[in-house]
Amino acid sequence: MIFSNGGKDLLLLALALALVVNLALIGFRNIRYVVCAELDDANSRLILNVRNLMARSLTQVSIGYDRVSIAPCETLKFPGMNAYQGYQIKKEGVVVGYLLTDHFTWDDQARKVRKFMAELAGRVKQ
């Protein structure tokens, strides 16, 4: 029955399935990614550029060192895809963004993120 009209039904089914999977993935992994992070020692602030998948917007967030908390985290695992590992950056208990160590937004990310987090840990009181 699927192949009775030259496979058009099979193609439509595959396209619908791909659409559903992509929408589920975007909704499932729609977190605020830290794409740029800077330490502003002159003003004792952490400056972050964050974005999410849905809005595709870039927002700059500035947080005083005394209000920042960091914790290791892992993103939710989507079937057939790995979970990302990194750090949750919070401002007074509210998640501002996720700085991921193994995500495409960082070049040579693992080494740079570890170095940055070591520098940040020296300035933030946990």
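Note that this is a predicted model, so its numbers are computed, not measured.

About the thresholds
- Residues numbered from 1 in each chain as written.
- Predicted model: local features only at pLDDT ≥ 70, side-chain atom pairs only at ≥ 80, totals over all residues.
- Heavy atoms only, no water.
- Helix = DSSP H or I, 4+ residues; strand = E, 2+ residues; numbered from the N terminus.
- Contact = heavy atoms within 4.5 Å.
- Buried < 20%, exposed > 50% of the residue type's maximum accessible area, 1.4 Å probe, protein only.
- Patch = residues over 30% accessible without salt bridge, like charges linked within 9 Å, V, L, I, M, F, W, Y side chains within 5 Å.
- Areas by Shrake-Rupley, 256 points an atom, 1.4 Å probe, with all protein chains shown as cover.
- Salt bridge = Lys/Arg side-chain N within 4 Å of Asp/Glu carboxyl O.

Some details on the side chain of asparagine 52
Thought 1: Looking at the secondary structure, you find asparagine 52 in the loop between β2 (45–51) and β3 (58–64).
Thought 2: Aside from chain neighbours lying at most four places away, what touches asparagine 52 is Asn30, Ile31, Arg32 and Ser57.

Some words on the environment of glutamate 92
Thought 1: The residue glutamate 92 is located in the loop between β5 (85–91) and β6 (94–100) in this model.
Thought 2: The exposure class of glutamate 92 is exposed, given its relative accessible area of 54%.
Thought 3: The sequence separation of glutamate 92 and valine 68 amounts to 24 residues, and the corresponding C-alpha distance is 6.7 Å.

Concerning unusual backbone geometry
Thought 1: Phi angles above zero are rare outside glycine, and serine 44 is one such case at about 55 degrees.
Thought 2: Among the secondary structure elements, serine 44 is positioned in the loop between β1 (33–40) and β2.

So, a nonpolar patch on the surface
Thought 1: Among the surface-exposed residues, Leu11, Leu12 and Leu15 lie close enough to one another that they form a single nonpolar patch of about 320 Å² accessible area.
Thought 2: Residue position: leucine 12 is located in helix α1 (residues 8–28).
Thought 3: Taking relative accessible area as the criterion, leucine 12 reaches 56% and is therefore assigned exposed.

Regarding the environment of methionine 117
Thought 1: In this structure, methionine 117 sits in helix α2 (residues 109–123).
Thought 2: Looking at methionine 117, the relative accessible area reads 5%, which means it is buried.
Thought 3: With 30 residues separating them along the chain, methionine 117 and tyrosine 87 place their C-alpha atoms 8.7 Å apart.
Thought 4: Excluding residues that lie within four positions of it along the chain, methionine 117 makes contacts with Ile70, Tyr87 and Leu99.

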